[in-house]
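Tertiary structure, described
As a plain string of letters, each chain reads:
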Amino acid sequence: GLAALASAASGGGGVSSKHKEHRRLLRQSIESYEGNDPLAPWLVAIKWTKESVPAAGLQSELVPLLEDCTKAFAPGETHADKYKEDVRY
């Protein structure tokens, strides 16, 4: 679940195969999430990216993630109304 991903997120920098695999698992957790707070796995992925990606590559990984998150909760999407006033969004 999210707790396991968050605890696993504490490791490593660099763009190793381990890093890429963890990033893939985070994206998979976003896509397969079925809980009450669909923003939560996005926040885990964003936090992990900010903490794990070296400064030189941060923008190239963080910007697409933030754009995808914004699109997922944009007006007209399923959870848009729920999160429009949420400070985490």
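Calculation notes
Residues numbered from 1 in each chain as written. Predicted model: local features only at pLDDT ≥ 70, side-chain atom pairs only at ≥ 80, totals over all residues. Heavy atoms only, no water. Salt bridge = Lys/Arg side-chain N within 4 Å of Asp/Glu carboxyl O. Helix = DSSP H or I, 4+ residues; strand = E, 2+ residues; numbered from the N terminus. Buried < 20%, exposed > 50% of the residue type's maximum accessible area, 1.4 Å probe, protein only.

1. Notes on the pattern of salt bridges
Applying the stated criterion across every chain yields a total of 7 salt bridges. When the shortest N-O distance is used, the salt bridge between Lys47 and Glu51 registers 3.5 Å. Separated by 4 residues within a single helix, Lys47 and Glu51 lie in helix α3 (residues 40-52), roughly one turn from each other. Here Glu51 falls in the exposed class, since its relative accessible area comes to 54%.

2. A word on the environment of Tyr83
Along the chain, Tyr83 turns up in helix α5 (residues 80-83). Take Tyr83: its relative accessible area is 1%, and that puts it in the buried class. Separated by 10 residues in the primary sequence, Tyr83 and Phe73 have C-alpha atoms spaced 7.2 Å apart.

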